[in-house]
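Fold and geometry: a report
Single-letter residue listing:
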Amino acid sequence: MKVFVTGGAGYIGSHVVKALGEKGHDVLVYDNLSTGNEWAVLHGRLVVADLADKLTLARVLDEYRPDAVMHFAASIVVHESVQSPVKYYLNNTACTLNLIEAMLETGTGRLIFSSTAAVYGIAEGSPIVQESAPLNPINPYGTSKMMNELVLRDTSAAYNDFRYVSLRYFNVAGANREGRIGQVYKNATHLITRALKTAKGELGGLEIYGTDYPTSDGTCIRDYIHVEDLANAHIAALDYLGAGGESNVFNCGYGHGSSVREVVAQAKKITGIDFNVSECGRREGDPPALVAGNEKIKSVLRWTPLYDDLGYIIKTAWDWEKKLA
Ligand code: UDP
């Protein structure tokens with residue numbers, strides 16, 4: 001298939017582009033390189049352009065005429081979204097509208113959308129959320145993605161030949177085995193990356209944001225998923241839409257979680273470095289526990305995780321981190 005990939009030079013997008021290449025698909029990456037990198041695009045062609053530029057977007061899509069679109073480009077930092085909500089509604093909500101409009105204009109009818117567990121907000125009862133759970137985001141990042149999901153739902157209802165799969169990512173981490181691509185953020189905010197940068201000596205210490213949550217050890221619980229398993233979920237979604245599958249929404253996670261303290265302990269074990277850790281207050285916008293109910297993606301997309309192991313996730317992230325200057 002010909003696949004148009006927005007944000008394909010970014011962390012998750014570049015792993016999916018690599019997986020698409022390995023499956024023999026043709027790829028065109030559309031990325032403004034605001035957080036992505038040209039060297040991360042290991043397959044296909046890169047067009048450096050912005051989704052806010054509707055004319056360029058429509059022209060590139062019209063020339064390429066893809067069989068499917070994968071849409072990764074987005075702003076993704078929860079606490080930044082609390083401070084700068086308009087940036088999130090523009091980059092995430094409005095730019096996705098531009099993309100959907102351009103797809104309708106050019107007759108491109110299949111979309112795989114990068115959504116997030118943040119659409120759920122605070123899970124009621126069990127920390128394990130199913131796709132049918134109410135959407136109740138507690139930060140603008142989650143709201144911006146939820147709004148996109150609603151637009152996709154309505155668009156697929158209005159146009160028979162527009163179908164989409166929304167993949168709700170839980171906490172994506174790790175890097176590809178060969179260490180060719182991985183996460184590179186100037187101001188990393190994610191736990192595993194910050195822990196490893198602390199181990200490396202790049203950060204003076206790691207802060208644990210909140211130890212008074214209603215969880216087993218008082219710290220937040222998340223479902224950490226290896227980026228290559230997530231990439232395979234995209235390939236499965238592409239095959240599903242290609243086979244005529246109807247519009248659908250899937251959680252992407254392993255179905256069990258780890259606390260911040262457990263992640264810190266694993267990071268110390270794997271790096272062999274007893275780095276400096278301190279405890280501080282809660283970070284705004286953080287739900288206590290989020291774990292993916294994953295029966296649906298396993299049964300409908302026949303997705304089988306290969307790297308369900310926090311140690312492996314941290315090890316591949318550490319191997320990558322050591323390569324960075
Ligand atoms: N966290 C932390 N210290 C850090 C970064 C993150 O204690 O330096 C916590 C954060 O409060 C959350 C969990 O680790 O409970 C995962 O945060 P991350 O930013 O990695 O992902 P999110 O769940 O926000 O998407």
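Residues numbered from 1 in each chain as written. Predicted model: local features only at pLDDT ≥ 70, side-chain atom pairs only at ≥ 80, totals over all residues. Heavy atoms only, no water.

Focus on the pairing of strand S15 (residues 289–292)
Alternating residues of S15 divide into Ala-289 and Val-291 and Leu-290 and Ala-292, and every residue in both groups is buried. Bridge count for strand S6 (residues 128–129) against S15 is two bridges, and the pairing is parallel. In the strand pairing of S15, Ile-128 is matched with Val-291. Sheet topology note: the strand S10 (residues 221–222)/S15 ladder contains two bridges and is parallel. By the bridge assignment for S15, Arg-222 is matched with Leu-290. (Buried < 20%, exposed > 50% of the residue type's maximum accessible area, 1.4 Å probe, protein only. Helix = DSSP H or I, 4+ residues; strand = E, 2+ residues; numbered from the N terminus. Pairing = 2+ DSSP bridges.)

Remarks on the sheet that holds S10
One open sheet accounts for four strands, arranged S6-S15-S10-S13; its pairing is mixed. Strands at the two margins of the open sheet, each flanked by one partner only, are S6 and strand S13 (258–259). Here S10 pairs with S13 via two bridges, running antiparallel. What sits directly across from Ile-221, in S13, is Ser-259.

Re the packing of aromatic side chains
Taken as a whole and assessed by the stated rule, the structure comprises seven aromatic pairs. Ring centres 5.1 Å apart and planes at 15° place the aromatic pair Tyr-307 and Tyr-312 in the stacked group. Residue classification places Tyr-312 among the partly exposed positions, given a relative accessible area of 21%. One residue, Lys-2, lies across the ring of Tyr-64, its end atom 4.7 Å from the ring centre. Across the ring face of Tyr-213, the terminal group of Arg-282 is positioned such that the distance to the ring centre comes to 4.0 Å. (Phe/Tyr/Trp six-rings, centres within 6.5 Å; stacked < 30°, edge-to-face > 60°. Lys NZ or Arg CZ within 6 Å of the ring centre and 35° of its normal.)

What to know about the pattern of salt bridges
Evaluation of the coordinates by the stated rule reveals 19 salt bridges. Two residues, Lys-87 and Glu-80, come together in a salt bridge whose shortest N-O distance is 2.8 Å. Counted as one network, the salt bridges with shared partners bring together Lys-197, Lys-200, Glu-202 and Glu-321. (Salt bridge = Lys/Arg side-chain N within 4 Å of Asp/Glu carboxyl O.)

Quick notes on the site of the ligand
As a matter of local geometry, the ligand sits amid 15 residues, with Leu-191, Glu-207, Arg-222, Arg-283 and Asp-286 nearest to it. Residue Leu-191 places a main-chain N or O atom 2.8 Å away from an oxygen atom belonging to the ligand. A distance of 2.7 Å separates a nitrogen atom of the ligand from a polar backbone atom of Glu-207. Those elements that provide at least two residues to the shell around the ligand are helix H6 (191–200) and strand S9 (206–209). Per-element tally for the shell around the ligand: the top contributor is S9, with four residues. Across the shell around the ligand, the residue classes break down as seven nonpolar, three polar and five charged. (Near = heavy atom within 4 Å. Polar contact = N/O pair within 3.5 Å; in protein donor to acceptor, adjacent residues only side chain to side chain. Nonpolar A, V, L, I, M, F, W, Y, C, P; charged D, E, K, R; others polar.)

Considering helix H7 (residues 227–242)
An ideal rise of 1.5 Å per residue puts 22 Å on 16 residues; H7 measures up with 23 Å between its terminal C-alpha atoms. The element H7 is largely enclosed, with a buried count of 13 among its 16 residues. Trailing H7 by a residue or two, Gly-244 shows a phi angle of about 95°, which is positive. (Expected span 1.5 Å × (residues − 1).)

What about the nonpolar core?
Formed by 59 residues in total, the largest nonpolar core has its most connected members in Val-5, Ile-12, Leu-20, Met-70, Leu-167 and Ile-192. By residue number, the principal contributor to this core is H7, which donates 10 residues. Setting aside anything within four residues of it in sequence, one finds Ile-12 in contact with Phe-72, Tyr-169, Val-172, Val-227 and Leu-230. Grouped together as the second largest cluster of nonpolar side chains are 22 residues, Tyr-30, Ala-49, Val-60 and Cys-95 included. (Core = buried A, V, L, I, M, F, W, Y, C linked by side-chain atoms within 4.5 Å. Contact = heavy atoms within 4.5 Å.)

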